[in-house]
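A look at the structure
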Amino acid sequence: SGVSLISKFRGCLAGALFGDCFGAPFEFEDENGPSPVVLNKFFAKLEGPPFKSKCHFYAPKYAYTDDTAMTKCIAQSFVDRASLDERDIAKRFVTDFYTDTTERGYGGHVTEVFRKLRDQQCADPMKPASEQFNGTGSYGNGGAMRVSPVPLFCFGDYNRMIHVAKRVTQITHTHPLGINGAILQCLAIHQGLTLDPRGEPLDVQKFADELITKMEAIEEPDQIDGRRPYNTQLQLIKKLLAKEGGASAHQVQESLGTSVDALFSVPTAIYSFLRAQKPIPDIETDNKFRRTIHYAISLGGDTDTIASMAGAIAGAYFGEEEINDSYKMYCEYVEEILELANGLHKIAKE
Ligand code: 8NA
Ligand code: MG
Ligand code: MG
Ligand code: MG
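What you are looking at is a predicted structure, and each value in this text was computed from that prediction instead of being measured.

**As for the pattern of salt bridges**
Enumeration over the complete set of coordinates arrives at 20 salt bridges. As a salt-bridge pair, Lys72 and Asp96 come within 2.9 Å of each other at their nearest N and O atoms. Note that Lys72 is positioned in helix 3 (residues 66-81) and Asp96 in helix 4 (residues 86-99), a separation of 24 residues in sequence. Asp96 matches Lys72 in its accessibility class, with the two residues each being buried. One salt-bridge network, held together by shared partners, links Asp80, Arg81, Asp85, Asp88 and Arg92.

Structure follows, in structure tokens:
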């Protein structure tokens, strides 16, 4: 008997939220990422006995960022309408962006899409994104970072899942690297959902091989060198995983990357999940969900987004029960995101 699907759905969205909230304080903070001492202390606090002051219980809450802001818009739209409605999702992005009084740290150029969408009242929800960067579209990781509701909403219908992942991404990201990054992240979550974490240890090479096969049917080879950029990264993941003693952080940072480009962050998130199946030096835990997001953050760069994507995959694979319960005290929007996961599960069952 494996982990229940509802636990996997809840683990996936909670994993995305915790990765975002816990990664955000470290985003582009230090070139090589936070130090092992700092990160171990950070997580020890989150997992330790709750801090109690003399007269009342108090736990500081970490705020979510754009990653979760946009994820919840997509999940809410799916739950409310039980169908794909790009205009509705665009409206939710725009309303959230203009009414949220908390600074959510959106990407540098995506705010231009929101401005245009607002001005045309989302009448043509895919047009502003196609005009970004002189018509090439954004290749940022903003599509991939918010794709987690898609594999839940479309669970059981593989081709529709790919289609929906693409459409939802195109509201802000139309560059092939932006779209395919979101599809790859979607595929990784989908694989996590369908595998049982309680049997044999995860075959990490096979997990990567299956992504390679699926992406070959999706990704066009480059017109000049004939290579498929995401498959090149996935092959690299396999090599890094096969290294004796494990690849160094430096090797991972230099090859897979830790930037806001989808190509140099989605594969890093997948690698973090796969690497965390075994103990990692300097990471003081036996818990594999913690190890996944802890490792993702330790690499530095776009820590909130990479940890959020890695957390979504880990949560989908292990389910909610692998996530330390005390994390719920330290993030905003936990109850709400879990309720959205319940709503998506209800739809998936029908
Ligand atoms: P985006 O579409 O604005 O892309 C992000 C950045 O990628 C842009 O600002 C460009 O610098 C670059 N870029 C993307 N496409 C191209 C292109 N075709 N040509 C040249 N440059 C390009 O926004 P997004 O939604 O993809 O961004 C997601 C990231 O932004 C996430 O990491 C998220 O957490 C957020 N973020 C916020 C901060 C912050 O502190 N405000 C810092 C980093 C990232
Ligand atoms: Mg480091
Ligand atoms: Mg963010
Ligand atoms: Mg980020």
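Text resumes after the structure shown.
**Brief notes about the side chain of Arg104**
In this fold, Arg104 is placed in the loop between helix 4 and helix 5 (110-119). A polar atom in the side chain of Arg104 sits 2.9 Å from the backbone oxygen of Tyr64.

**Some details on the site of ligand 1**
Around ligand 1 there are 23 residues in total, and Asp66, His109, Ser138, His173 and Asp302 lie nearest to it. At 3.0 Å from an oxygen atom of ligand 1 is found a side-chain nitrogen or oxygen belonging to Asp66. For the shell around ligand 1, the secondary structure elements donating two or more residues are helix 3 and helix 15 (303-318). Taken together, the residues that form the shell around ligand 1 break down as six nonpolar, twelve polar and five charged.

**Some details on the coordination of the magnesium ion (ligand 3)**
Coordination sphere of the magnesium ion (ligand 3), protein contribution only: Thr65 (OG1), Asp66 (OD), Asp67 (OD) and Asp304 (OD), at 2.0 to 2.3 Å. The exposure class of Thr65 is buried, given its relative accessible area of 11%. Looking at Asp304, the relative accessible area reads 1%, which means it is buried.

**Some words on the packing of aromatic side chains**
Enumeration over the complete set of coordinates arrives at 22 aromatic pairs. Both rings, one in Phe42 and one in Tyr62, keep their centres 5.5 Å apart while their planes meet at 65°; by these two values the pair is edge-to-face. Here Phe42, found in helix 2 (residues 36-47), pairs with Tyr62, found in the loop between helix 2 and helix 3; they are 20 residues apart in sequence, far enough to count as distant. Of the residues examined, Tyr62 reaches a relative accessible area of 26% and is grouped as partly exposed. Between Arg104 and the ring centre of Tyr64, over which it is positioned, the NZ or CZ distance is 3.7 Å. For Arg118, the ring lying beneath its charged end belongs to Tyr98, and the centroid distance is 4.3 Å.

**Side note on the environment of Leu340**
Mapped onto the elements, Leu340 comes out in helix 16 (residues 334-349). Along the primary structure Leu340 and Lys72 are separated by 268 residues, whereas in three dimensions their C-alpha atoms are 7.9 Å apart. Every residue in contact with Leu340, bar those within four places of it in the chain, is listed here: Leu13, Lys72, Ala75, Gln76, Val79 and Tyr333.

**Some details on helix 3**
Each full turn of the α-helix corresponds to 3.6 residues, which orients residues three or four apart in the same direction. Between its first and last C-alpha atoms helix 3 spans 23 Å; for 16 residues at 1.5 Å apiece the expected length is 22 Å, and the two agree. The element helix 3 is largely enclosed, with a buried count of twelve among its 16 residues. Every buried residue belonging to helix 3 is among Asp66, Asp67, Thr68, Ala69, Met70, Thr71, Lys72, Cys73, Ile74, Ala75, Ser77 and Phe78, and all of these are buried. Positive backbone phi, approximately 50°, marks Ala82, located one or two places after helix 3.

**Quick look at helix 2**
A rise of 1.5 Å per residue sets the reference length of helix 2, with its twelve residues, at 16 Å; its end C-alpha atoms lie 16 Å apart and thus fit the reference within 8%. As for helix 2, its buried residues are in contact with helix 1 (5-23) and helix 14 (288-298).

**Focus: unusual backbone geometry**
Here Phe28, not a glycine, exhibits a phi torsion of approximately 50°, which is positive. Structurally, Phe28 is set in the loop between helix 1 and helix 2. For Phe133, which is not glycine, the phi dihedral falls at a positive 50°. Residue position: Phe133 is located in the loop between helix 6 (127-130) and helix 7 (149-153).

**Quick word on the nonpolar core**
Core analysis: the biggest nonpolar cluster contains 109 residues, and Phe22 and Phe78 have the highest contact counts within it. Element by element, the count of residues in this core is highest for helix 15, at ten residues. Excluding anything up to four places from it in sequence, Phe22 contacts Phe42, Phe43, Leu46, Tyr62, Ile293, Ile297, Tyr327, Tyr330 and Cys331.

**Remarks on the side chain of Asn231**
Along the chain, Asn231 turns up in helix 11 (residues 229-242). A distance of 3.5 Å separates a polar atom in the side chain of Asn231 from the backbone oxygen of Ile212. Setting aside chain neighbours within four positions, we find Asn231 in contact with Ile212, Met215, Glu216 and Glu219.

Calculation rules
- Residues numbered from 1 in each chain as written.
- Chains lettered and ligands numbered in written order.
- Predicted model: local features only at pLDDT ≥ 70, side-chain atom pairs only at ≥ 80, totals over all residues.
- Heavy atoms only, no water.
- Salt bridge = Lys/Arg side-chain N within 4 Å of Asp/Glu carboxyl O.
- Helix = DSSP H or I, 4+ residues; strand = E, 2+ residues; numbered from the N terminus.
- Buried < 20%, exposed > 50% of the residue type's maximum accessible area, 1.4 Å probe, protein only.
- Polar contact = N/O pair within 3.5 Å; in protein donor to acceptor, adjacent residues only side chain to side chain.
- Near = heavy atom within 4 Å.
- Nonpolar A, V, L, I, M, F, W, Y, C, P; charged D, E, K, R; others polar.
- Donors = N, O, S within 2.8 Å, 3.2 Å for Na, K, Ca; no water.
- Phe/Tyr/Trp six-rings, centres within 6.5 Å; stacked < 30°, edge-to-face > 60°.
- Lys NZ or Arg CZ within 6 Å of the ring centre and 35° of its normal.
- Contact = heavy atoms within 4.5 Å.
- Expected span 1.5 Å × (residues − 1).
- Core = buried A, V, L, I, M, F, W, Y, C linked by side-chain atoms within 4.5 Å.

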